[in-house]
Amino acid sequence: YMNFLFSLGFHVSKGEKSMAGIWHFFPESGKYGEIKLPRSLRSLKGWRKATPRRSRLPYPWQVWCAIAVESLRDGLVRLAFGLLLAVEAYLRPSELLGVRCGDFLAPAPGGVDAWVLLLHPSSRSERSKVGSQDDTVPLDSKRFVALAPMIEALSRRPPHEPLVGMEYSQFLELFNKWCRKLRIPAQPYSARHSGASIDRATNERALDVVRKRGRWRQMSSVVRYDKTGRVNDAWRALETEVRAYCLECEKVLIPALLTG
């Protein structure tokens with residue numbers, strides 16, 4: 001079956017998902033089970049070597065401003081802010097939807113001279129994808145500090161109030177609608193990749209700082225974001241009028257958020 005999928009040109013993720021499904025429904029075929037699938041696992045190993053890993057395209061800040069403007073048009077001010085927050089803090093979609101108003105920590109004397117986002121707080125018994133708790137991300141980039149008044153206003157809301165307040169399925173439906181309208185082939189997860197790539201392309205943060213900020217354990221997981229030309233490629237792939245619109249959105253978005 002693995003050879004069949006490979007011959008049809010599928011990416012290795014197709015085979016990996018198939019194996020995950022088998023292990024889910026038939027745990028005895030897993031690592032500690034009695035039934036082994038050596039040929040399938042060996043096929044996957046060769047398939048991974050023959051298929052380059054895929055990564056989502058990183059988009060410039062202006063593209064995310066355009067998507068956030070569409071959110072504003074639909075009256076979703078907090079989600080518009082959340083999209084920018086996801087780029088700034090390298091958030092996974094689940095992390096963005098899990099943010100609460102009490103997760104914004106104010107600047108403190110002798111501490112970080114900027115607002116800080118607390119992720120996976122131990123007080124809520126939350127853990128990240130890699131099992132960590134109480135991760136902190138300073139919101140201190142040049143492009144984001146202007147939103148400090150909005151962050152301060154959010155921090156005065158009830159601590160457990162969700163920032164976005166919607167399920168992933170609803171968020172994904174809205175996001176895809178806006179991207180289709182703008183003719184931008186982005187995905188929600190692209191925000192995480194975009195933030196890291198933008199910081200490296202503008203040389204705002206060193207590679208090791210990007211690794212710590214993105215909560216990656218291995219430097220090998222971050223090297224892809226040092227290929228700064230990919231941001232340029234993604235920008236050039238957009239239509240001329242789309243790029244012009246993104247640039248206009250960058251000019252109006254933050255004032256609109258602060259007054260909205």
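Nothing here was measured: the structure is a model prediction, and the numbers come from that model.

(A) How the structure looks around the sheet that holds strand β3 (residues 135–138). Read from one edge to the other, the open sheet built from 3 strands follows the order β1-β2-β3, with strand pairing classed as antiparallel. Of all the strands in the sheet, just β1 (104–105) and β3 have a single pairing partner and so form its edges.

(B) Examining the side chain of R215 more closely. Here R215 lies in the loop between α10 (207–213) and α11 (229–236). Within the structure, the side chain of R215 is placed 2.9 Å from the backbone oxygen of A89, a separation counted as a polar contact. A distance of 2.6 Å separates a polar side-chain atom of R215 from the backbone oxygen of R213.

(C) Broad picture of the state of the cysteines. For the coordinates displayed, the defined rule picks out 0 disulfides. Cysteine C246 remains unbridged, with the sulfur of C249 as its closest cysteine sulfur at 6.3 Å. For C246, a relative accessible area of 0% translates into the label buried.

(D) Region of interest: the pairing of β3. Alternating positions in β3 separate cleanly, D135 and V137 being buried on one face and T136 and P138 remaining unburied on the opposite face. Sheet topology note: the strand β2 (residues 116–119)/β3 ladder contains 4 bridges and is antiparallel. Across the sheet, residue L119 finds its bridge partner in β3, namely D135.

(E) Geometry of the pattern of salt bridges. Tallied over the entire structure, the rule returns 23 salt bridges. One salt bridge in this structure joins R143 and E88, with 3.7 Å as the shortest N-O distance. Of this pair, R143 sits in the loop between β3 and α7 (148–155) while E88 sits in helix α5 (residues 77–88), and the two are 55 residues apart along the sequence. There is no split in this pair, since R143 and E88 are both buried. In this structure, D199 engages R143 in a salt bridge whose closest nitrogen and oxygen atoms are separated by 3.1 Å. Here D199 is found in helix α9 (residues 190–201), whereas its partner R143 is found in the loop between β3 and α7, with 56 residues between them in sequence. Judged by its relative accessible area of 13%, R143 falls in the buried class. Members of the salt-bridge network, linked through shared partners, are E88, D140, R143, D199, R205 and R213.

Conventions used here
- All residue numbers here refer to positions counted from 1 along the written sequence of the relevant chain.
- For this predicted model, a pLDDT threshold of at least 70 governs which residues receive local features, and a threshold of 80 or more governs which side-chain atom pairs are given and counted, while totals over whole chains, interfaces and linings are taken from all residues.
- Side-chain calculation: all heavy atoms of the structure are included, whereas hydrogens and water are not.
- For two strands to count as paired, DSSP must find a minimum of two bridges between them.
- Numbering of helices and strands runs from the N terminus; a helix is a DSSP stretch of H or I covering at least four residues, while a strand is a stretch of E covering at least two.
- The term polar contact refers here to a pair of N or O atoms within 3.5 Å; inside protein, the definition further demands a hydrogen-donor-capable atom paired with an acceptor-capable atom, and it admits residues adjacent in sequence only when both atoms are side-chain atoms.
- Any two cysteine sulfur atoms lying within 2.5 Å of each other are counted as a disulfide.
- Here's how the labels work: a residue is buried when its accessible area is under 20% of the maximum for its type, exposed when over 50%, partly exposed in between, all with a 1.4 Å probe on protein chains only.
- Here, a salt bridge means any Lys or Arg side-chain nitrogen found within 4 Å of an Asp or Glu carboxyl oxygen.

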